[in-house]
Amino acid sequence: MPDDRWLGQLVGDVRKGWIPAAIYSDPGVFEAEEERVFGRAWVFLAHESEIPEPGDYVVRRIVRDSFIVARDEYGEVRVLANVCRHRGMQVCRAERGNASHFRCPYHGWTYRNTGDLVGVPFHEDAYGGDREFPKSEFGLLSAPRVASYNGLVFASLDPGAPPLEEYLGGFRFYLDFYTRQSPAGLEVHGPQRWRIRANWKIGAENFCGDTYHTPYTHQSIAEIGLFGEHKPHKRKEGVLYFADRGGGTTYKLPPGGFADRLRSVGYPDGMIERMAQTWSREQRALVGEAGFMVSAATLFPNLSFVHNWPRVREGGPPVPFVSIRLWQPVGPDETEVYSWFAVDRLAPEEFKQDSYRSYLLSFGTSGMFEQDDVENWTSITAVAAGRWARGLRLHSRMGLSREGRLLREPLADWPGPGQAFQGFGEYNQRALLELWCRYLEGAREAVEV
Amino acid sequence: MSGVVQGEELVRVGSGDPDYHAAVDFLHQEAELLDARRWRDWLALLAEDVTYEMPVRVTRARTLEDSTLADMDHFREDRFALQKRVERLETEYAWTEDPPSRTRHFVTNVQVFRAASGDLVVKSYLLLFRSRGDTRPPEWVCGERTDRLRRTPEGLRLVHRRLVVDESVLRTQNLAIFL
Ligand code: FES
Ligand SMILES: [Fe+2]
């Protein structure tokens, strides 16, 4: 663990928007993050629709801690530490499947998918039976805290973490645009998984607020006409919002009411009606009155969302898709990306098919947006690790004057919670890293923006 | 066999058969075009109604059966999608392939089957070597392809490809390449 004085200096610079390059490569910083960020925050593990049937499970991690996310026989979702209570063997070595029990390969202890220990070979001979060794005391451990919101299952390793809803705070308002387009909620497919040689924070920062990269990094997408309009250059009209634990980007929509504007991004009328019924008045106002649609977003620390609407056939209309992604830290310079396709359960089948194509074309392992993003992030990670480069302070002060004043006022009439600015600026990246600073310092409270 | 029409009768074509050699020649020629980044020529080898898929592989208990996801792919392409990818690589802004990867598509273990329609169904192993820049270690992608080749007056054309990759977590930065 790096000494607190050095961490204090890093945090001080980060707060000014001068980002020490070392935070993207230093093993000591990574160790501190594993302990203080991932050991305290609420971390996304899975969506309930990945495990619809009793017995279904997926195996996920919080950095290096492995958990089985299982739906037990009673339909309840469990998050069980994937560590045998005997000598610590990894109980489940598949990544998904269906099982009523998990049997440890080492000495054969058997657990139900509720976590209960139900079988111990030679229980009487070896342990003196239930009298000396009550099986009920040696079930698989649950993650210290487990909760879900709109089917998104989170865990926290911190028994004292605030309740999930409180943690999410105002960001819930925005989360609903991605994860609750009808009362039925999402079905998610995937994930695609791949490893990139990039620090996990770079993607998280990019998704929460970097509208400035779109016109340049993604110019190839505009050139090939994947969008009806030259969309990247419209990014400066978008609003950037940040509320409690997360923030994101939006696009300005063409004029019209709620339904017209949703039609303009390609939603069919049935879905629009369900959105109108499901979203609050303020949520509807964000689209229908203010005229914005959410695009990329990040929830601290490492869960991002993307919503975009390219075309999937020559001259065809835009087709929106939603993707959920996790920046799973592997090391200071390596991240495993989990990327899911998500779609409202009640969407028409034809829409689901097209939306899936729209996702594959633009994001994920082969996505044409994603490819160029990741190239930037791996290159940053590589060069920022240099002995000398590590000491450089990178510039994350867009939207601030030299003295640190805001160049533009936050919007006064923004219908959502938190703070919102129109135009380019690194407000959200700073807000996300402010949370990072607070967690490194030991706080659990949300940032006041 | 994956990628084959259900219930279709396939007859194995031995390595002495001219069709076997035609299929192998096709795969070798295709590999060379991809490694030389001659994507337009590569597109010309694909049928108009081509479908190109690469499902996500997963680690499951006990069996290799069902070890691909039915509802998630790395690629599920039609001609429009492949065409757009090629157009993108041809722009000045496809950063991830500028400077370009140096690739080798190694194609081995070829087995050829003849369908009643005359199409050739070709199984092969693919090992892709990808070297990028001068500081990164090389990346590999390995898998099995099942292709369907149609006879046309211009020669064989790829109608369908299904690539089953061996890694459940890809160790390549992206798939800005074709497999
Ligand atoms: S380590 Fe699991 S039964 Fe011994
Ligand atoms: Fe991007």
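Below: a short report on this structure. Here the structure is a predicted model, which means the values were calculated and not measured.

About the cut-offs
- Per chain, the residues get numbers from 1 upward, laid out in the order the sequence is written.
- Whichever chain is written first becomes A and whichever ligand is written first becomes 1, with later ones labelled in order.
- Residue-level local features of this predicted model are given only where pLDDT is at least 70; pairs of side-chain atoms are given and counted only at 80 or more, and the full residue set underlies all totals for whole chains, interfaces and linings.
- Water and hydrogen atoms were dropped before computing side-chain values, which therefore reflect all heavy atoms in the structure.
- Helix and strand assignments come from DSSP, with helices taken as H or I runs of at least 4 residues and strands as E runs of at least 2, each series counted from the N terminus.
- Based on C-alpha atoms, the radius of gyration is set beside the globule rule, defined as 2.2 Å times the residue count to the power 0.38.
- Note on classification: 1.4 Å probe, protein chains only; a residue is buried when its accessible area is under 20% of the maximum for its type, exposed when over 50%, partly exposed between these limits.
- The method behind every accessible area is Shrake-Rupley, applied with a 1.4 Å probe, and residues are considered shielded solely by the protein chains displayed.
- Whether two residues are in contact is decided by their heavy atoms, any of which lying within 4.5 Å being enough.
- Ring geometry is summarised as follows: Phe, Tyr and Trp rings, the Trp one being its six-membered ring, pair when their centres sit within 6.5 Å, and such pairs are stacked at plane angles under 30 degrees, edge-to-face over 60 and tilted between the two.
- By the criterion adopted, a ring carries a charge over it if an Arg CZ or a Lys NZ lies within 6 Å of its centre and within 35 degrees of its normal.
- Among the buried residues, those of types Ala, Val, Leu, Ile, Met, Phe, Trp, Tyr and Cys that are joined through side-chain atoms within 4.5 Å form a nonpolar core.
- Only when DSSP finds a minimum of two bridges between them are two strands counted as paired.
- Simply put, an axis is a line fit to the C-alpha atoms, just over the touching stretch for a helix, and the angle between two N-to-C directions goes from 0 to 180 degrees.
- In short, buried area is how much 1.4 Å probe accessible area vanishes from two parts on joining, totalled over both.
- Within this document, salt bridges are pairs made up of a side-chain nitrogen of Lys or Arg and a carboxyl oxygen of Asp or Glu, the two lying within 4 Å of each other.
- Polar contacts here mean pairs of N or O atoms no more than 3.5 Å apart (in protein, one a potential hydrogen donor and the other a potential acceptor; neighbouring residues in sequence count only if both atoms are side-chain atoms).
- For the purposes of this analysis, a disulfide is any pair of cysteine sulfur atoms at a distance within 2.5 Å.
- Each metal site is built from N, O and S donor atoms within 2.8 Å (3.2 Å for Na, K and Ca), and since water is not included, such sites may look incomplete.
- Every angle between 85 and 135 degrees makes a four-donor site tetrahedral, while opposite donors more than 155 degrees apart, with all other angles between 65 and 115, make a four-donor site square planar and a six-donor site octahedral; other sites are irregular.
- What sets the label is the angle itself: under 35 degrees gives roughly parallel, over 145 gives roughly antiparallel, 65 to 115 gives roughly perpendicular, and the rest give oblique.
- Each crossing gets its hand from how the near helix is turned against the far one by less than a right angle, where anticlockwise is left-handed and clockwise is right-handed.
- Put simply, Ala, Val, Leu, Ile, Met, Phe, Trp, Tyr, Cys and Pro go in the nonpolar bin, Asp, Glu, Lys and Arg in the charged bin, and everything else, Gly too, in the polar bin.

Turning our eyes to something else, we now look at the overall build of chain B. Tallying secondary structure elements over chain B gives three helices and seven strands in all. Secondary structure elements of chain B occur, N-terminal to C-terminal, as β-α-α-β-β-α-β-β-β-β. By the compact-globule yardstick of 16 Å for 179 residues, chain B fits well, its C-alpha radius of gyration being 17 Å. Seen through its C-alpha atoms, chain B measures out along the principal axes to roughly 50 × 45 × 30 Å. Burial statistics for chain B: of 179 residues in total, 54% are counted as buried. Carbon and sulfur atoms provide 50% of the accessible area of chain B, an area that totals close to 8300 Å².

Turning our attention to the overall build of chain A. When helices and strands are counted, chain A shows 15 helices and 20 strands. The C-alpha radius of gyration of chain A comes to 23 Å, within 12% of the 22 Å expected for a compact globule of 449 residues. Considering chain A as a whole, with its 449 residues, one finds that 63% of them fall into the buried category. For chain A, long-range pairs separated by at least 24 residues make up 66% of all intrachain contacts whose partners lie at least 6 apart in sequence.

All names here are of chain A. Here the structure, examined in full by the defined rule, presents 39 aromatic pairs over all chains. Three or more aromatic residues link up through ring pairs in this structure, and these residues are Phe207, Phe227, Phe321, Trp327, Phe341, Tyr356, Tyr359, Phe363, Phe369 and Trp377. Cation over ring: Lys252 sits above Phe292, and NZ or CZ is 4.7 Å from the ring centre.

With that settled, the discussion passes to the nonpolar core. Counting 162 residues, the largest nonpolar core has Ile324 and Trp436 of chain A together with Leu179 of chain B as the members making the most contacts within it. The residues touching Trp436 of chain A, leaving out its near neighbours within four places in the chain, are Val14, Ile23, Val29, Glu33, Val37, Trp200, Lys201 and Phe300 of chain A.

Residue and element names in this part refer to chain A. Spatially, β2-β11-β10 is the arrangement adopted by the three strands of the open sheet, whose pairing is antiparallel. If you trace the sheet from one side to the other, it starts and ends with β2 (42-47) and β10 (145-149), each paired once. Each neighbouring strand pair of the sheet contributes to a mean axis angle of 30 degrees, computed without reference to strand direction.

With that settled, the discussion passes to the interface of chain A and chain B. Taken residue by residue, the interface counts 41 residues in chain A and 37 residues in chain B. Where chain A abuts chain B, roughly 3500 Å² becomes buried across the two surfaces, and 55% of that area is made up of carbon and sulfur atoms. Broken down residue by residue, the surface that chain A buries against chain B is led by Ile224, Gln371 and Glu375 of chain A, which jointly contribute 15%. In this assembly, chain A and chain B are joined by five salt bridges. In this structure, Glu375 of chain A and Arg136 of chain B form a salt bridge, with 3.1 Å as the shortest nitrogen-oxygen distance.

Moving on to helix α2 (residues 27-37) of chain A. Residue and element names in this part refer to chain A. Within α2, eight of the eleven residues are buried, leaving the element largely enclosed by the surrounding structure. Within α2 the residues assigned to the buried category are Gly28, Val29, Phe30, Ala32, Glu33, Glu34, Arg36 and Val37. Residues of α2 that are buried sit in contact with α1 (4-15), α7 (200-209), β17 (321-331) and α15 (427-441). A side-chain oxygen of the first residue of α2 lies 2.8 Å from the backbone nitrogen of Gly28; this N-cap is Asp26.

Negative phi is the rule for most residues except glycine; trans is the rule for most peptide bonds. Looking along the chain, the bond that leaves Phe300 of chain A and enters Pro301 of chain A is cis, with omega of 0 degrees. Topologically, Pro301 of chain A is positioned in the loop between β15 (292-299) and β16 (303-308). For Arg37 of chain B, which is not a glycine, the phi torsion comes out positive at approximately 60 degrees. With respect to the helices and strands, Arg37 of chain B occurs in the loop between α1 (18-35) and α2 (39-44). Residue class for Arg37 of chain B comes out partly exposed when judged on its relative accessible area of 25%.

Right, let's get into the sheet that holds strand β7 (residues 155-165) of chain B. Residue and element names in this part refer to chain B. Strands sit in the order β1-β4-β5-β6-β7-β2-β3 across an open sheet of seven strands; the sheet is mixed. Single-partner strands in this sheet number two, and they are β1 (10-13) and β3 (68-77). Pairs of neighbouring strands in the sheet enclose a mean axial angle of 30 degrees, with direction left out of account. Packing against the sheet, helix α3 (residues 79-90) makes contact with β2 (46-57) and β3, and its axis sits at approximately 85 degrees to β2.

Right, let's get into the state of the cysteines. Within this structure, the stated rule accounts for zero disulfides over all chains. Just so you know, Cys437 of chain A is unpaired, no disulfide at all, and the nearest cysteine sulfur is the one on Cys208 of chain A, 13 Å from it.

Attention now goes to the coordination of the iron ion (ligand 2). All names here are of chain A. Around the iron ion (ligand 2), the protein supplies His213 (NE2), His218 (NE2), Asp373 (OD) and Asp373 (OD) as donor atoms, at distances of 2.1 to 2.4 Å. For the iron ion (ligand 2), the four donor atoms in the first shell make angles of 57 to 150 degrees at the metal, so the coordination geometry reads as irregular. Relative accessible area serves as the criterion here: at 13%, His213 is assigned to the buried category.

Another aspect to go through is the pattern of salt bridges. What the rule picks out here adds up to 50 salt bridges over all chains. Taking the shortest distance from any N to any O, the salt bridge between Asp78 of chain B and Arg357 of chain A comes out at 3.7 Å. Placement of the pair is Asp78 of chain B in the loop between β3 and α3 and Arg357 of chain A in helix α13 (residues 349-362), with the two residues belonging to separate chains. With a relative accessible area of 28%, Arg357 of chain A lands in the partly exposed category.

Now for the packing of α7 of chain A against helix α14 (residues 368-384) of chain A. Residues and elements named next belong to chain A. Contact pair α7 / α14: the axes reach a minimum separation of 10 Å and the direction vectors enclose 135 degrees. Our classification of the angle between α7 and α14 gives oblique. Judged by the sense of rotation from one axis to the other, the crossing of α7 with α14 is right-handed. Across the interface between the two elements, Ile202, Gly203, Asn206 and Phe207 from α7 touch Asp373, Trp377, Ile380 and Thr381 from α14. By residue class, the composition of the contact of α7 with α14 is four nonpolar, three polar and one charged.

Residue and element names in this part refer to chain A. Their axes nearest at 11 Å, the elements helix α6 (residues 171-179) and helix α12 (residues 281-288) cross at an angle of 65 degrees. Taken together, the axis directions place α6 and α12 in an arrangement best described as roughly perpendicular. Between α6 and α12 lies a crossing of right-handed hand. Contacts between α6 and α12 involve Phe173, Tyr174, Asp176 and Phe177 from the former and Glu282, Gln283, Leu286 and Val287 from the latter.

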